[in-house]
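Given next are the chains, with one letter for each unit.
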Amino acid sequence: MSEGRKFISGIIPPKEKLEPAWWFAFQGNKLLVYLESSSVSIPNLVDFAELGLEVLREHYLGRLDNCYCYAIEVAEETIPPEGMSFEGLRQVYDRLDEDLFWVAARAVQIVDWERTHKFCSRCRAPLRNSVTERAKECPECGLLHFPRLSPAIIVLVERDRKLLLARSRHFQPGMYSVLAGFVEPGESLEEAVVREVKEEVGISVKDIRYFGSQPWPFPHSLMIGFTATYNGGEISLDNTEIEDAGWFTVDNLPHIPGKISIARKLIDWFLTKQEKPPRNI
Ligand SMILES: [Zn+2]
């Protein structure tokens, strides 16, 4: 988040709607925004009902500075009001205020959780919201259901002045990135780094250091970033996930992910370390 505005998570909504709030309204995973010439903005209204749209679900998120924030789900067939549009989060990243973008990244996950956690997975009773934490509780058996969060490691591996980049079959044509993978139950983050790199490209790594983390709401990951150093082996692609991988220098980089991602922050960190300015796009 940029300096200045701070998001404070909360679960108890204000008793009355008396002042303008931010409304993060989703149709599926698409966010309702006002379209402006080169940017987009979020409705800032006392009550979302002012827009006259049918609301399926409303969930209080907390405050951005002193402004209340709500996640809303509207019906699939909702037609956006004049001057507004439903847009994917990746499509609005460059055009929406960054603080609001990251609250939207929370909101989309809460809306998805509300949509997919209506009944207890143990006894099938309808769930209700907990009043003490962001969870749903089963009134019959007491089981708690928290929003889904899937931790994944992402790691930049260095070898001399080169970095390891790989291409997943799901990437857009020509795109390469650092390696990433989900953490397994019972595994430490460092163990996940070692396992993923070995599984995906067949090499071993050492000097695993924490870099930073980033929510990745596509749909509910938490990316935990690391750097590591090559420690032996040759690249081999036994895994069906990766279709190409190799060592790249700062002068022969392929197409890399956009600025939104922690993958790009890792690559930019490496470029800066090689005294190469990060790319603008
Ligand atoms: Zn239950």
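Above: the structure in question.
Residues numbered from 1 in each chain as written. Predicted model: local features only at pLDDT ≥ 70, side-chain atom pairs only at ≥ 80, totals over all residues. Heavy atoms only, no water.

Enquirer: Before we move on, could you go through the overall build of the chain and cite the residues and values that matter?
Expert: Looking only at helices and strands, the chain has 4 helices and 17 strands in total. If you line up the chain on its principal axes, its C-alpha atoms span 60 × 50 × 35 Å. Put simply, the chain has 281 residues, and 48% of those count as buried. Long-range pairs, those at least 24 residues apart, make up 63% of the contacts in the chain with a sequence separation of at least 6. Total accessible area on the chain stands at roughly 14,800 Å², and carbon and sulfur atoms take up 50% of it. A gap of 3 Å separates the mean positions of the 33 positive and 41 negative side-chain charges of the chain. (Helix = DSSP H or I, 4+ residues; strand = E, 2+ residues; numbered from the N terminus. Buried < 20%, exposed > 50% of the residue type's maximum accessible area, 1.4 Å probe, protein only. Contact = heavy atoms within 4.5 Å. Areas by Shrake-Rupley, 256 points an atom, 1.4 Å probe, with all protein chains shown as cover. Lys, Arg positive; Asp, Glu negative; His and termini not counted. Charge placed at Lys NZ, Arg CZ, Asp CG, Glu CD.)

Enquirer: A description of the environment of valine 74 should follow, citing residues and the corresponding values.
Expert: Summarising the element assignment, valine 74 is placed in strand E7 (residues 67–74). Separated by 20 residues in sequence, valine 74 and glutamate 54 place their C-alpha atoms 6.0 Å apart. Non-local contacts of valine 74, meaning those with residues more than four positions away in its chain, are made with Phe26, Gln27, Phe48, Glu54, Leu56 and Phe86.

Enquirer: Describe the side chain of aspartate 268, and please don't skip the residues or the numbers.
Expert: Counting through the fold element by element, aspartate 268 comes out in helix H4 (residues 262–273). Residue classification places aspartate 268 among the buried residues on the basis of a relative accessible area of 12%.

Enquirer: An account of the packing of aromatic side chains is needed here, citing residue identities and associated values.
Expert: Within this structure, the stated rule accounts for 11 aromatic pairs. Pairing tryptophan 23 with tyrosine 70 gives two aromatic rings, centres 4.3 Å apart and planes at 10°, and the pair type is stacked. Within this pair, whereas tryptophan 23 is found in strand E2 (residues 21–27), its partner tyrosine 70 is found in strand E7, the two being separated by 47 residues in sequence. As far as the burial class goes, tryptophan 23 and tyrosine 70 line up, both buried. For the ring pair tryptophan 216 and phenylalanine 218, a centre distance of 4.8 Å and an interplane angle of 75° mean the geometry is edge-to-face. Taking relative accessible area as the criterion, tryptophan 216 reaches 17% and is therefore assigned buried. With a relative accessible area of 23%, phenylalanine 218 lands in the partly exposed category. (Phe/Tyr/Trp six-rings, centres within 6.5 Å; stacked < 30°, edge-to-face > 60°.)

Enquirer: Please give an account of the nonpolar core that cites residues and values.
Expert: One finds Phe24, Leu31, Leu61, Leu165 and Ile267 to be the most contacted residues of the largest nonpolar core, which totals 48 residues. For this core, the leading source of residues is helix H2 (residues 98–116), giving 11 residues. Once residues within four sequence positions are removed from consideration, isoleucine 267 is found in contact with Leu156, Leu163, Leu165, Val178, Leu253, Ile256 and Pro257. (Core = buried A, V, L, I, M, F, W, Y, C linked by side-chain atoms within 4.5 Å.)

Enquirer: For the coordination of the zinc ion, give the residues involved together with the corresponding values.
Expert: The protein atoms donating to the zinc ion are Cys120 (SG), Cys123 (SG), Cys138 (SG) and Cys141 (SG), with metal-donor distances spanning 2.2 to 2.4 Å. Each donor residue of the zinc ion belongs to the same chain, and together they define the spacing C-x2-C-x14-C-x2-C. For cysteine 120, a relative accessible area of 3% corresponds to the buried category. (Donors = N, O, S within 2.8 Å, 3.2 Å for Na, K, Ca; no water.)

Enquirer: Residues and numbers for the sheet that holds strand E10 (residues 136–137), please.
Expert: Ordered by their spatial adjacency, 3 strands build an open sheet running E9-E10-E11, and the pairing between neighbours is antiparallel. Only two strands of the sheet have a single neighbouring strand rather than two, namely strand E9 (128–129) and strand E11 (144–145). The pairing of E9 with E10 spans 2 bridges and is antiparallel. When the bridges of E10 are listed, asparagine 129 appears paired with lysine 136. (Pairing = 2+ DSSP bridges.)

Enquirer: Explain the environment of serine 121 to me, using residue names and the numbers behind them.
Expert: Structurally, serine 121 is set in the loop between H2 and E9. Distance from serine 121 to leucine 143, taken between C-alpha atoms, is 8.7 Å for residues 22 residues apart in sequence. What serine 121 contacts, discounting residues up to four positions off in sequence, is Leu143 and His145.

Enquirer: Before we move on, can you summarise unusual backbone geometry with the specific residues and values?
Expert: With an omega dihedral of 5°, the bond running from phenylalanine 218 to proline 219 counts as a cis peptide bond. The phi torsion at arginine 124 lies on the positive side, around 75°, for a residue other than glycine. Tracing the backbone through its elements, the reader meets arginine 124 in the loop between H2 and E9. Arginine 124 gets classed as exposed once you look at its relative accessible area, which sits at 73%. If you check the backbone angles, aspartate 160 has positive phi at about 55° while not being a glycine. With respect to the helices and strands, the residue aspartate 160 is situated in the loop between strand E12 (150–159) and strand E13 (162–168).

Enquirer: Mind laying out the pairing of E2, listing which residues take part and the relevant values?
Expert: Burial analysis of E2 places 7 of its 7 residues in the buried class, the great majority of the element. Both faces of E2 are covered, namely the face carrying Ala21, Trp23, Ala25 and Gln27 and the face carrying Trp22, Phe24 and Phe26. Here 2 bridges tie E2 to strand E5 (residues 44–45), and the two strands are oriented antiparallel to one another. The residue of E5 that forms the bridge with tryptophan 22 is asparagine 44.

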